[in-house]
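Working through the structure, step by step
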Amino acid sequence: MPFEHLQKYLPRFSKIWRLGPHLGALRAVPNFIGVFAEIVFFLLNLLILAIFPAGVEKIKNKITTSIWLAVAIGVAFEILFIPAIILFAISIIGIPLIPAFFLAVLVAIMFGVTSLSSVVGKKIVEGFKWNVTSKVGTFSLGWIALMIIPILGMILSAVDFPLITIILGVPISFVIMTIALGATTLALFKKEIEGK
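We now turn to the structure provided with this report.

1. Some words on the overall build of the chain
Each helix and strand counted, the chain has 7 helices and 0 strands in total. Taken from the N to the C terminus, the helices and strands of the chain come in the order α-α-α-α-α-α-α. When the 196 residues of the chain are sorted by exposure, 34% land in the buried category. For the chain, restricting intrachain contacts to residue pairs at least 6 apart in sequence, the fraction spanning at least 24 positions comes to 71%. Of the roughly 12,800 Å² of accessible surface on the chain, 78% is carried by carbon and sulfur atoms.

Laid out in structure tokens, this is it:
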């Protein structure tokens, strides 16, 4: 009798087994979307570099001269992020501001990453004594240096190393966003923060 039951359900198990590789491919889809999103992010950073060079230069200056203050502001901003959303949500006037707040944070991070990439790229060029004079080339070197591990983490996670993204990519991305957000905030409110 048990054997008859096993024969009855065995075809179902075999179907699930055949679906295994397809399910694995489906699990990889978010990782490939993440890589595509990084490429789009790179192009947007390039656009910011081209359209707002003065703003990028100000943020670069803050990263170079006040990196730890930028980190502290970034951490404080991240700690207060959820409470700020809650405050917006419990007030009728603040609810429409939530999308604008999210957009402002995203734009601040994008400007900060553009500036941080330029700073890192300059350090790489100076350290290796490479003959790279264009801002785009310097930025690209820095961006690749910052993002290579998160991107590799997503690719490796897609081919069956699921913890790589969490172990390597997430902490590095978090540090990058913290510095980017803090430096942009510092550049925007430098007079109030530094007392100038």
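On we go.
2. A word on the packing of helix H2 (residues 53-65) against helix H4 (residues 97-128)
At a closest axis distance of 9 Å, the pairing of H2 and H4 adopts a crossing angle of 65 degrees. Regarding H2 and H4, the two cross each other, and that crossing is right-handed. Here H2 contributes Val-56, Ile-59, Lys-60, Ile-63 and Thr-64 to the contact with H4, which in turn contributes Phe-111, Gly-112, Thr-114, Ser-115, Leu-116, Ser-118 and Val-119. Residue classes in the contact of H2 with H4 are distributed as 6 nonpolar, 5 polar and 1 charged.

3. Some details on the side chain of Asn-45
Relative to the helices and strands, Asn-45 resides in helix H1 (residues 2-51). If sequence neighbours within four positions are ignored, Asn-45 has contacts with Met-110, Val-113, Thr-114, Phe-139 and Trp-143.

4. Brief notes about helix H3 (residues 67-90)
Here H3 is 24 residues long and its end C-alpha atoms lie 35 Å apart, about the 34 Å a rise of 1.5 Å per residue gives. Taken as a whole, H3 carries its principal kink of about 40 degrees at Phe-81; the proline Pro-83 stands between one and four residues after it. All of the buried residues along H3 are Ala-70, Ile-73, Gly-74, Phe-81, Ala-84 and Ile-85.

5. Remarks on the pattern of salt bridges
One pass over the structure, following the stated rule, counts 1 salt bridge. Glu-57 is the partner of Lys-60 in a salt bridge, and the nearest nitrogen-oxygen pair spans 3.5 Å. On the criterion of helical spacing, the pair formed by Lys-60 and Glu-57 is a turn pair, its members being 3 residues apart in helix H2.

6. Focus: the nonpolar core
Val-113, Trp-143 and Met-147 are the most contacted members of the largest nonpolar core, which totals 34 residues. For this core, the secondary structure elements donating two or more residues are H1, H2, H3, H4, helix H5 (135-158) and helix H6 (163-188). Once you skip the residues sitting within four places of it in the chain, Val-113 turns out to touch Phe-41, Asn-45, Trp-143, Met-147, Ile-176 and Ala-180.

7. Digging into H4
In a regular helix each residue adds 1.5 Å, so 32 residues correspond to 46 Å; H4 covers 46 Å between its end C-alpha atoms and thus fits that length. Taken from the residues just after H4, Lys-129 is the one with a positive phi, measuring 55 degrees.

8. Quick look at the environment of Phe-77
Tracing the chain through its elements places Phe-77 in helix H3. Phe-77 gets classed as partly exposed once you look at its relative accessible area, which sits at 25%. Distance in space between the C-alpha atoms of Phe-77 and Gly-182 is 7.5 Å, their sequence separation being 105 residues. Residues in contact with Phe-77, not counting those within four places in the same chain, are Phe-101, Val-105, Leu-181 and Thr-185.

9. What about the side chain of Thr-184?
Note that Thr-184 resides in helix H6. Among the residues examined, Thr-184 registers a relative accessible area of 5% and is labelled buried. A polar side-chain atom of Thr-184 sits 2.9 Å from the main-chain carbonyl oxygen of Ala-108. Aside from chain neighbours lying at most four places away, what touches Thr-184 is Ile-59, Ala-108, Phe-111 and Gly-112.

10. Some points on a nonpolar patch on the surface
A surface patch of nonpolar side chains, about 540 Å² in accessible area, is lined by Ile-144, Ile-148, Ile-149, Leu-152, Ile-155, Leu-156 and Leu-168. For the nonpolar patch, the leading source of residues is H5, giving 6 residues. Note that Leu-168 resides in helix H6.

Rules behind the numbers
Residues numbered from 1 in each chain as written. Predicted model: local features only at pLDDT ≥ 70, side-chain atom pairs only at ≥ 80, totals over all residues. Heavy atoms only, no water. Helix = DSSP H or I, 4+ residues; strand = E, 2+ residues; numbered from the N terminus. Buried < 20%, exposed > 50% of the residue type's maximum accessible area, 1.4 Å probe, protein only. Contact = heavy atoms within 4.5 Å. Areas by Shrake-Rupley, 256 points an atom, 1.4 Å probe, with all protein chains shown as cover. Axes fitted to C-alpha atoms, helices over the stretch in contact; angles between N-to-C directions. Left-handed = near helix turned anticlockwise from the far one by under 90°. Nonpolar A, V, L, I, M, F, W, Y, C, P; charged D, E, K, R; others polar. Expected span 1.5 Å × (residues − 1). Bend = angle between axes of the 7 residues up to and from the residue. Salt bridge = Lys/Arg side-chain N within 4 Å of Asp/Glu carboxyl O. Core = buried A, V, L, I, M, F, W, Y, C linked by side-chain atoms within 4.5 Å. Polar contact = N/O pair within 3.5 Å; in protein donor to acceptor, adjacent residues only side chain to side chain. Patch = residues over 30% accessible without salt bridge, like charges linked within 9 Å, V, L, I, M, F, W, Y side chains within 5 Å.

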